[in-house]
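What follows is the residue order along each chain.
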Amino acid sequence: MEYRPLGRTGVQVSPLCLGAMMFGPWGNNDTADSIRIIHRALDAGINFIDTADVYSGGASEEIVGQALDGRRDGVFLATKFFMPMSEDPNQHGGSRRWIMQAVEHSLRRLNTDYIDLYQVHRPSPDTDVEETLGALSDLVRQGKVRYIGSSSYSGSQIVEAQWASRERNLERFVTEQPPYSLLVRGIEEDILPTVQRHGMGTLTYSPLSGGWLSGRWRKDSASTPTSPARPNARFDMSSPANQRKLDIVEELAQLAEQNGLTLIELAIAFAIHHPGVTAAIVGPRTMEQLESYLPAADITLGTDVLDRIDQIAAPGVTVNPDDNSYGAHELTAQARRRRLT
């Protein structure tokens, strides 16, 4: 597996990043099996693991910490904070108060003295970015965190954070973590170029678009992509956008078969092909799923295949806008309505 530079940090990471969201009660509740999956990924050459404090209420971080016992130095370890961890209104967000608490909890669960990449899981509309960056800068100076990153930031929010870092002499975000797949290409228009201009690394998540590109669901399948754990809008089959997704998946599956690939291999290879993408986060629940992801790291898609993909799924287009994770605050009704006087 060939490693890639993580932005301009000088760090080299694998093009596949092992996402740990499915380790724990949210997915695979067998700790021993989850650890075996993590070890298999490391043995295959993956040196990058991404998790978050909120995944399975902290259980994911604990499992990762157990799996890395004796192997910590060889792994670039990333985790995230921001999402609510309890009903306490102060145990979430990007405030200094919560960041200083959250990092200690993550360090304990991960059984480590430092976190390689500490990421803000979402932007905060009611917290100054300088406060968040200031707290994270202090963690870097204390040696508890090596680098900091953002997740699901819009292009303007990325630029604002970079400006604030320079203006206030604070640590800067060296990575951004957005959704990206054959069905969710919106970041190609703005976010990826912005990240590239600022020399950041990009860790894209959901390369299989929440299972739509797993090959499990086709137009003639008996079942459709529904799950009580996922947003209804993304899996409502009465939606014209989701019907269009089924049409696109069918064409992509045929393209993959014509080129001797599985749909999974085509989807992941596509995600890591863009020059602005450092790594695609793959989140297996089972060993079988991990094994199906690994070959994609060594697949190079030809120009003819990429051109055909562009014909099927237009560049810069997210087929169903509900699949985007950024813009949630800006597009709420209250943010779009003028104040009544």
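Residues numbered from 1 in each chain as written. Predicted model: local features only at pLDDT ≥ 70, side-chain atom pairs only at ≥ 80, totals over all residues. Heavy atoms only, no water.

### A look at the pattern of salt bridges
Turning to step 1, where the next piece is worked out: Considering all chains together, one arrives at 13 salt bridges under this definition.
Turning to step 2, where the next piece is worked out: With a shortest N-O distance of 2.7 Å, Arg 40 and Glu 291 are connected by a salt bridge. Separated by 251 residues along the polypeptide, Arg 40 in helix H1 (residues 31-43) and Glu 291 in helix H10 (residues 287-293) bring together distant segments of the chain.
Turning to step 3, where the next piece is worked out: Judged by its relative accessible area of 34%, Glu 291 is partly exposed.
Turning to step 4, where the next piece is worked out: Taken together, the salt bridges that share partners define one network made up of Arg 96, Asp 138 and Arg 141. (Salt bridge = Lys/Arg side-chain N within 4 Å of Asp/Glu carboxyl O. Helix = DSSP H or I, 4+ residues; strand = E, 2+ residues; numbered from the N terminus. Buried < 20%, exposed > 50% of the residue type's maximum accessible area, 1.4 Å probe, protein only.)

### Notes on the nonpolar core
Turning to step 1, where the next piece is worked out: In this structure, Tyr 118, Leu 266 and Ile 309 are the most contacted members of the largest nonpolar core, which totals 88 residues.
Turning to step 2, where the next piece is worked out: Counting residues in hydrophobic clusters, the runner-up holds 13 residues, among them Val 11, Val 13, Cys 17 and Phe 48. (Core = buried A, V, L, I, M, F, W, Y, C linked by side-chain atoms within 4.5 Å.)

### Side note on the side chain of His 121
Turning to step 1, where the next piece is worked out: Here His 121 shows up in the loop between strand E6 (115-120) and helix H4 (129-142).
Turning to step 2, where the next piece is worked out: Among residues more than four places away in sequence, those in contact with His 121 are Ala 52, Val 54, Tyr 55, Lys 80, Phe 81, Phe 82, Met 83, Ser 151 and Ser 152. (Contact = heavy atoms within 4.5 Å.)

### Observations regarding the sheet that holds strand E4 (residues 48-50)
Turning to step 1, where the next piece is worked out: If you walk around this closed barrel you meet the 8 strands as E3-E4-E5-E6-E7-E8-E9-E10, and the pairing is parallel. Each strand axis lies, on average, 30° off the axis of its neighbour in the sheet, ignoring direction.
Turning to step 2, where the next piece is worked out: In terms of strand pairing, E6 meets strand E7 (residues 145-151) through 5 bridges, oriented parallel. Paired with Gln 119 across the two strands is Gly 149, which belongs to E7.
Turning to step 3, where the next piece is worked out: Here helix H3 (residues 96-110) sits on the sheet in contact with strand E5 (76-81), E6 and E7, set at roughly 135° to E6. (Pairing = 2+ DSSP bridges. Axes fitted to C-alpha atoms, helices over the stretch in contact; angles between N-to-C directions.)

### Considerations on the side chain of Thr 112
Turning to step 1, where the next piece is worked out: Among the structural elements, Thr 112 can be located in the loop between H3 and E6.
Turning to step 2, where the next piece is worked out: Judged by relative accessible area, Thr 112 falls into the buried class, the value being 10%.
Turning to step 3, where the next piece is worked out: Here the side chain of Thr 112 touches Arg 72 through a polar contact of 3.0 Å, side chain to side chain.
Turning to step 4, where the next piece is worked out: Ignoring any residue separated from it by four or fewer positions in sequence, one finds Thr 112 in contact with Arg 72, Leu 77 and Leu 107. (Polar contact = N/O pair within 3.5 Å; in protein donor to acceptor, adjacent residues only side chain to side chain.)

### With respect to H4
Turning to step 1, where the next piece is worked out: Along its 14 residues, H4 runs 20 Å from first to last C-alpha, staying within 8% of the 20 Å computed at 1.5 Å per residue.
Turning to step 2, where the next piece is worked out: Within H4, burial applies to Val 129, Thr 132, Leu 133, Gly 134, Ala 135, Leu 136, Ser 137, Leu 139 and Val 140.
Turning to step 3, where the next piece is worked out: Where H4 is buried, its residues meet E5, H3, E6, E7, helix H5 (155-168) and strand E8 (173-177).
Turning to step 4, where the next piece is worked out: Positive backbone phi, approximately 85°, marks Gly 143, located one or two places after H4. (Expected span 1.5 Å × (residues − 1).)

### A closer look at the pairing of E7
Turning to step 1, where the next piece is worked out: Among the 7 residues of E7, 5 are classified as buried, and the element is accordingly described as predominantly covered.
Turning to step 2, where the next piece is worked out: The sheet contact formed by E7 and E8 spans 4 bridges and is parallel. Each residue of the ladder has a partner; that of Ser 150, found in E8, is Glu 176.
Turning to step 3, where the next piece is worked out: With H5 bridging E7 and the parallel E8, this β-α-β connection has right-handed handedness. (Right-handed = clockwise from strand over helix to strand, strands pointing away.)

### Description of the packing of aromatic side chains
Turning to step 1, where the next piece is worked out: Enumeration according to the criterion identifies 6 aromatic pairs in this entry.
Turning to step 2, where the next piece is worked out: Where Phe 48 meets Phe 76, the ring centres are 5.3 Å apart and the plane angle is 80°; that geometry is what we call edge-to-face. In this pair, Phe 48 sits in strand E4 while Phe 76 sits in strand E5, placing the two residues 28 residues apart along the sequence.
Turning to step 3, where the next piece is worked out: Look at Phe 76 and you get buried, because its relative accessible area is 7%.
Turning to step 4, where the next piece is worked out: The interplanar angle of 40° and the centroid separation of 6.3 Å between the aromatic rings of Phe 76 and Tyr 147 together place this pair among those described as tilted. With Phe 76 in strand E5 and Tyr 147 in strand E7, this pair connects stretches of sequence that are 71 residues apart.
Turning to step 5, where the next piece is worked out: Judged by relative accessible area, Tyr 147 falls into the partly exposed class, the value being 24%.
Turning to step 6, where the next piece is worked out: Members of the aromatic cluster, each reached through a chain of ring pairs, are Phe 48, Phe 76 and Tyr 147.
Turning to step 7, where the next piece is worked out: Over the ring of Tyr 114 we find Arg 72; its NZ or CZ atom is 4.2 Å from the centre of that ring.
Turning to step 8, where the next piece is worked out: We note Arg 146 situated over the ring of Tyr 114; from NZ or CZ to the ring centre the distance is 4.0 Å. (Phe/Tyr/Trp six-rings, centres within 6.5 Å; stacked < 30°, edge-to-face > 60°. Lys NZ or Arg CZ within 6 Å of the ring centre and 35° of its normal.)

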